[in-house]
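Chain and residue survey
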Amino acid sequence: MASILQKIKSQSKIDTQDKTVYDLMDEFYQKNLQADNDEMTPEFTHKLQRAVSDSNTKNIHLLYLFLMYQQHISQAVAEGKSPNPVFQIETMHLLESETKEVYGKLPAIIYIFKAEALDSGSKKEEAQMTVASGLKEYPDSVPLKVYSYLNTKDENLRKDLTQNHPNHWMVQQFGIK
């Protein structure tokens, strides 16, 4: 995985000032995870595809890692299989370190995906620490609040989720009442 990244990275134009890829990851999070319902639009999908296919997109190695992770999960679900936790964890560690190196911070979706990867790899404690770190950066993140509640059963989090986000798809999916 690291060697694949190095090859992709060597062909990527790295620019710490260009936030295009960061913004795409954040928009994906806002539309797919933070919203009450999936709000992926054809316009966003087109914007994402345009960035991937444009050889001038800066920091494209981050977008490739992100999409590799996403494709792995989607493909496993479509085939009725469990995702490979080793692949998930390794991909998320690389995406986390590369994103920090380029932008100095992480979008919320990386905390969420990393926590899910660690959880699927039976690294529950690390997953919980990742959720806690993510909540410090993004205290209004509904997915991070949900994962934190599922881990801690914190009554204040339950109240917040049921009172302020009762229609969020994750609150519904996990039956938080």
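What this report covers is the structure whose coordinates are included nearby. (Residues numbered from 1 in each chain as written. Predicted model: local features only at pLDDT ≥ 70, side-chain atom pairs only at ≥ 80, totals over all residues. Heavy atoms only, no water.)

What follows deals with the environment of A127. Tracing the sequence through the fold places A127 in helix 7 (residues 124–137). Judged by relative accessible area, A127 falls into the buried class, the value being 5%. Apart from residues lying up to four places away in sequence, A127 is in contact with A115, L118 and D119. (Helix = DSSP H or I, 4+ residues; strand = E, 2+ residues; numbered from the N terminus. Buried < 20%, exposed > 50% of the residue type's maximum accessible area, 1.4 Å probe, protein only. Contact = heavy atoms within 4.5 Å.)

This next bit is on the packing of aromatic side chains. Taken as a whole, this structure holds seven aromatic pairs when the rule is applied. Judged by centre distance (5.3 Å) and plane angle (70°), the rings of Y22 and Y103 are edge-to-face. Separated by 81 residues along the polypeptide, Y22 in helix 2 (residues 20–34) and Y103 in helix 5 (residues 85–103) bring together distant segments of the chain. Residue Y22 is classed as buried on the basis of its relative accessible area, which comes to 8%. (Phe/Tyr/Trp six-rings, centres within 6.5 Å; stacked < 30°, edge-to-face > 60°.)

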